[in-house]
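# Results of the structural survey
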Amino acid sequence: MLTFALKRLAIAAPTLFFVVSLSFFLMHLAPGGPFDADANLEPQVIENLKAAYDLDKPLFQQYLIYLGKAAQGNFGPSIIYQDRTVSQLIATGLPVSLRIGLAAIFIAGLLGISMGIFSALRQNQRIDYVVMGVAMTGIAVPSFVLAPLMTLLFGVIFRLLPIATLEPSGGLARAVPALGPMVPYILPVIALAIPQIAIIARLTRGAMIEVLRQNYIRTARAKGMPEKRVVWRHAVQAGLLPVVSYLGPAIAGIVTGAVVVESIFQLPGMGRFFIQGAINRDYPLVLGIVIIFAAAVILMNLIVDLLYGVLDPKVKVDG
Amino acid sequence: MTLFQAQSESQLQLMDAAARLKGRSLWQDAAERFSKNKAAMGGVIVLGLIAIMSIVGPMISPYTLEDLSWESIGIAPTMENSHWFGTDDTGRDMWVLTWMGARVSLTIGVMTTFIALLIGVAYGATAGYVGGRTDNLMMRFVDVLYALPLLFFIIILVTVFGRNIYLVFVAIGCVEWLTMARIVRGQTLSVKRKEYIEAALASGVRTNTIIRRHVIPNVIGPVIVYVTLLVPTNILVESYLSFLGLGVQEPLTSWGVLISRGANALETAPWLLLIPATFLAITMFCFNFIGDGLRDALDPKDR
């Protein structure tokens, strides 16, 4: 088990290094720079600005400087937010993104798995088609359509939830003050969770149907085991394996979804910083966020690999 | 003598009967199963209609993309004036915009999938065919890329190299080939070792014929299924980029661009969001139904 974990870790570390290098050279090799927009600056001022951000040095030297600093957790100063460092920006953005991301993944897992099991146990009945139809809609209607529609419905028409602010306002916050600070996150979390709910539901259903056809399930039923125990003790355990392995891509999906959702709901999270940084060529900001996001996804994949080794006896753990 | 004659006569009869029985190929079987699948056939028909309308739709309307008129800003869908889908906040006709957007969105979906198909098949087939250490190394690389939020790379690519439509094609295509490579490699590996390949080799069938009759038909099924599922994925990726303002640029339009503009005018002109979003969703449904139908039709396990 330990060697397996170490091996996986040995792959994860170079992956992160690869991501950092690829993003660094992609951004710097492209024509144009962050100070193109300020055309009326004096040439000397631009030179000084470039020197301040190390942009006047040869590319490879910049790369080494960056790697050295990044390894110590220093992602440098931001270019568009001139009085703040990237680390400070990340420190303000990360909690917002983590909150909606973790809540969304939790809801998606809970609802998606329940819907999948429910549907699989009623395969080809009318209710199965209804549930899967709902799931299909969740895949067909992207979050950037859902989010504005929900805002219109719950924010503008019913005035239940706040729009584009982290202040708890609207009908729901007044009716149930206990919810307090959670209220502004409700819509973003739902918008973020819905596509993942749909994917997880379809995945669970497919896997469960496959498992329920297996011989050992028939054996369990034949020896008179209660149906509840057959389903929960034997079928669900094996049926959830594909869902576990989907957790990695799910995190990637949540992370990319967060970019859109944060932009729509104007939440000050990592995704919004990323888009602003990318559009304005704020190299340090974009790189810092890519590193954090990639680290999150890689870490999740690592956890999934280890979990898989524990859950699935067929995976050779010491291999 | 008579015995021999009788035998050969019955043999002839048998051969005659066999000749009259027409063999059914894998593809005929699959086509028959597919045509019986109502959801999938519905998907084909609706998708066909959308594709046709994306070509002829703008021609039917009396308006063009360049017709901006101050008198006709923000008209709701109406049968008068021939603004069947209404107009947007600059007075452009939504009917024309929607079908022009369909043209771009569908083209991008198909083109990017084609690029992903080329890279994925070449990469996967090489890895699967060569095998051994090369295969191991190539697939490790895919694993590494798989672990990344790749949409970020598309965004970086698109922002740093300028926002033109061809770059969007290439960026999406270059990123979405990973699953394709995995599928093709797995198929190649398993088909290579199958008994029927051995049997064909043993009975002296030529390599070309083996590849044409045995390898390709058995590799291509899952690839076709994945292609029909990748097209809507890529349409969504393009919409996502366009929604963030990073994809297709004006005056060109796509469903993503229209949805993005519609989302900003939702309170005053909801049809600007609802019309393109509806067509996008319908297209997603169609491709998913067709993909599911193809999987059921081509998967020999469920016969």
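Residues numbered from 1 in each chain as written. Chains lettered and ligands numbered in written order. Predicted model: local features only at pLDDT ≥ 70, side-chain atom pairs only at ≥ 80, totals over all residues. Heavy atoms only, no water.

Attention now moves to the interface of chain A and chain B. In this complex, chain A contributes 43 residues to the contact, which on the side of chain B involves 37 residues. Taking both sides of the interface into account, the surface hidden between chain A and chain B amounts to around 3500 Å²; carbon and sulfur atoms contribute 83%. Among the residues of chain A in contact with chain B, Leu26, Met136 and Phe144 of chain A are the three that bury the most area, contributing 17% of the side total. Linking chain A with chain B are 0 salt bridges, by the criterion used here. If you look at where chain A meets chain B, you find 1 residue pair in polar contact (both at pLDDT 80 or more). Those elements giving two or more residues to the side of chain A that touches chain B turn out to be α1 (2-29), α5 (126-140), α6 (143-157), α11 (241-265), α12 (270-279) and α13 (283-311) of chain A. The residue makeup of the side of chain A that touches chain B, split by class, is 34 nonpolar, 7 polar and 2 charged. (Contact = heavy atoms within 4.5 Å. Buried area = accessible area lost by both parts, 1.4 Å probe. Salt bridge = Lys/Arg side-chain N within 4 Å of Asp/Glu carboxyl O. Polar contact = N/O pair within 3.5 Å; in protein donor to acceptor, adjacent residues only side chain to side chain. Helix = DSSP H or I, 4+ residues; strand = E, 2+ residues; numbered from the N terminus. Nonpolar A, V, L, I, M, F, W, Y, C, P; charged D, E, K, R; others polar.)

Overall, the coordinates contain 9 aromatic pairs over all chains when judged by the stated rule. Residues Phe25 of chain A and Tyr63 of chain A carry aromatic rings whose centres are separated by 4.7 Å and whose planes lie at 45 degrees to one another, so their mutual orientation is tilted. Linking Phe25 of chain A in helix α1 with Tyr63 of chain A in helix α3 (residues 59-71), this pair joins segments that are 38 residues apart in sequence. Assessed through its relative accessible area of 24%, Phe25 of chain A is described here as partly exposed. Residue Tyr63 of chain A is classed as buried on the basis of its relative accessible area of 7%. Measuring from ring centre to ring centre gives 6.0 Å for Phe285 of chain B and Phe289 of chain B, while their planes differ by 25 degrees; the resulting arrangement is stacked. Of the two residues, Phe285 of chain B and Phe289 of chain B are both situated in helix α12 (residues 271-298); the distance of 4 residues between them amounts to about one turn of the helix. On the basis of relative accessibility, which here comes to 23%, the residue Phe285 of chain B falls in the partly exposed class. Each residue in the set Phe24, Phe25 and Tyr63 of chain A is aromatic and connected to the rest through ring pairs, giving one cluster. It is Arg122 of chain A that lies over the ring of Phe118 of chain A; its NZ or CZ is 4.0 Å from the centre. (Phe/Tyr/Trp six-rings, centres within 6.5 Å; stacked < 30°, edge-to-face > 60°. Buried < 20%, exposed > 50% of the residue type's maximum accessible area, 1.4 Å probe, protein only. Lys NZ or Arg CZ within 6 Å of the ring centre and 35° of its normal.)

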